[in-house]
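Letter by letter, the chains look like this.
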Amino acid sequence: INAEYGGIVLTQKAQATGVHRVERAKVALIQFCLSPPKTDMDNQVVISDYTQMDRILREERAYILDLCKKIKKSGANVLLIQKSILRDALNDMALHFLTKMKVLVVKDIERDEIDFVSRTLGCRPIATADHMLPEHLGQADLVEEIHIGGGNKVVSITGCQTSAKTCSILVQGSNKLLADEAERSIHDALCVIRCLVKNKNMIAGGGAPEIELSLKLAQYAATLSGVESHCIKAFADALEIIPFTLAENAGLPPIKIVTELRNRHAEGEAMAGINVKKSCITNITEENVLQPALVSISAITLASETVRSILKIDDIVNTR
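Here's what I pulled together on the structure shown here. All of these numbers come straight from a predicted model, not from anything done at the bench.

A count of helical and extended segments in the protein gives nine helices and twelve strands. Compactness check: the protein gives a C-alpha radius of gyration of 30 Å against a globular reference of 20 Å for 320 residues, more than 25% above the reference. If you line up the protein on its principal axes, its C-alpha atoms span 95 × 50 × 35 Å. Across the 320 residues in the protein, those meeting the buried criterion constitute 35%. For the protein, the exposed area adds up to about 20500 Å²; of that, 55% sits on carbon and sulfur atoms. Of the charged side chains in the protein, 37 are positive and 39 negative; the average position of the first set lies 7 Å away from that of the second.

Time to look at unusual backbone geometry. Despite not being glycine, Lys 102 has its phi angle at roughly 60°, a positive value. Tracing the sequence through the fold places Lys 102 in the loop between helix H2 (92-100) and strand E5 (104-109). Its identity is not glycine, yet Ser 279 carries a phi of approximately 55°, on the positive side. Tracing the backbone shows Ser 279 in the loop between strand E10 (272-275) and strand E11 (280-283).

Mapped onto the elements, Gln 15 comes out in the loop between strand E2 (7-10) and strand E3 (21-30). Along the sequence, Gln 15 and Leu 90 sit 75 residues apart, while their C-alpha atoms lie 9.7 Å from each other. Ignoring anything within four residues of it in the chain, the contact list for Gln 15 reads Leu 90, Leu 95, Val 105 and Lys 107.

Counting residues in each nonpolar core, the largest one holds 24 residues, and the members touching the most others are Ile 30, Leu 34, Leu 79 and Leu 98. Mapped onto this core, the elements with two or more residues apiece are E3, helix H1 (50-73), strand E4 (78-82) and H2. Not counting residues within four places of it along the chain, the set of residues in contact with Ile 30 comprises Leu 79, Leu 80, Ile 81, Gln 82, Ile 126 and Met 132. If you look at the next biggest cluster of nonpolar residues, it comprises 22 residues, including Ile 8, Leu 10, Val 78 and Val 155.

Attention shifts here to the packing of helix H5 (residues 208-222) against helix H6 (residues 227-239). Orientation of H5 relative to H6, taken along the N-to-C sense of each, is 165°, at an axis distance of 8 Å. Our classification of the angle between H5 and H6 gives roughly antiparallel. For H5 against H6, the interelement crossing comes out left-handed. Across the interface between the two elements, Glu 210, Leu 213, Ser 214, Leu 217, Ala 218, Tyr 220 and Ala 221 from H5 touch Ser 229, Ile 232, Lys 233, Phe 235, Ala 236, Asp 237 and Leu 239 from H6. Looking at the contact of H5 with H6 residue by residue, the class counts come to nine nonpolar, two polar and three charged.

Once that is clear, we can look at the pattern of salt bridges. Tallied over the entire structure, the rule returns 16 salt bridges. Note that Lys 83 and Glu 110 form a salt bridge whose closest N and O atoms lie 3.6 Å from each other. One end of the pair, Lys 83, is in the loop between E4 and H2; the other, Glu 110, is in the loop between E5 and helix H3 (114-121), and 27 residues separate them in sequence. Lys 83 sits in the partly exposed class, given a relative accessible area of 39%. Overall, Glu 110 belongs to the partly exposed group, its relative accessible area being 32%.

What counts and what doesn't
- Here, residues in each chain are numbered from 1, in the same order as that chain's written sequence.
- Confidence filtering applies because this is a predicted model: local features only for residues at pLDDT of at least 70, side-chain atom pairs given and counted only at 80 or more, and all residues used for totals across whole chains, interfaces and linings.
- For the side-chain quantities, the full set of heavy atoms in the structure was used; hydrogens and water were omitted.
- Runs of H or I in DSSP of at least four residues are treated as helices and runs of E of at least two as strands, each being numbered from the N terminus.
- This radius of gyration counts C-alpha atoms alone. The globule rule is 2.2 Å times how many residues there are, raised to the power 0.38.
- Here the term buried applies to any residue with accessible area under 20% of the maximum for its type, exposed to any over 50%, and partly exposed to those in between, with areas from a 1.4 Å probe on protein chains only.
- Per-residue accessibility takes into account occlusion by the displayed protein chains alone, with areas from the Shrake-Rupley method and a 1.4 Å probe.
- Residues counted as positive are Lys and Arg, residues counted as negative are Asp and Glu, and His and the chain ends are not counted.
- Here the site of a charge means NZ on Lys, CZ on Arg, CG on Asp, or CD on Glu.
- What makes two residues a contact is simply this: any of their non-hydrogen atoms within 4.5 Å.
- Put simply, buried Ala, Val, Leu, Ile, Met, Phe, Trp, Tyr and Cys residues joined by side-chain atoms within 4.5 Å make one nonpolar core.
- Throughout, an axis means a line fitted to C-alpha atoms (over the contacting stretch in the case of helices), and angles, computed between N-to-C directions, take values from 0 to 180 degrees.
- Every angle not falling under 35 degrees, over 145, or within 65 to 115 is termed oblique; those three ranges are roughly parallel, roughly antiparallel and roughly perpendicular.
- We call a crossing left-handed when the near helix sits turned anticlockwise from the far one by less than a right angle, and right-handed when that turn is clockwise.
- Each residue receives one of three labels: charged for Asp, Glu, Lys and Arg, nonpolar for Ala, Val, Leu, Ile, Met, Phe, Trp, Tyr, Cys and Pro, and polar for the others, Gly being one of them.
- Basic side-chain nitrogens of Lys or Arg form a salt bridge, by our definition, when they fall within 4 Å of a carboxyl oxygen of Asp or Glu.

Here you go:
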């Protein structure tokens, strides 16, 4: 982890307007393009003399200048532009005018990030230039482009004047694989915290709850008869795949470990689990190996729903 920012970090670079740091920023998030409009259908414009060319260029310049003036009039000094696939989100002429107006510009904000950015900055996404009003802008103490090494740059927005408690973690690695692995680890840790917020109960880890549940279901299945007994016994056997996989991933003999784990639980050691560090079965709570109860509950619930969905399939139609 390279750094932590109490705000939002954009991976897009700031455009070459000569402005790389803005204090007491007023941020505008626009969804319209600062480039000449295009028609809905393909067409060709035939120009027969240079006067027509001059007229087109003058109208294009006037159109772009009018958009930039409305942005400046609203008081915005930081401009975030949504990514466009139909035409250029920002052309060279608009960039020239915004450079003179000393506006920091960041383009190619992804569409799925618009809601997050607007809630964090307290601004409203602006669809047309006519809606460029001061009350639609967000405020931040500091917006700056920072170097993170290796020639890479990001835009940091801190001191947002909203109730949203947004924090950005900047992860760097010597290669993409390490960075992705660090991101995955952080995501898993945040998911654990989210589970504890939703359900504060914690249970033993190391495959202890799954093998205990499997044992209890097997005992219950023995008291039944017919199809119900077979179904519950199969469910109990399926739960053993969790400690089996855990032992396999740890490089331990899975059959031996699961058999010993089952025997220990049958003797009443409900907290017995697979100790990966010691390569044996121990009281897993003494090793402080715990997990949120919501993890096991969600896994069993989702797996059961998947099986029920598959059992509802009567036939499969092959298509090419």
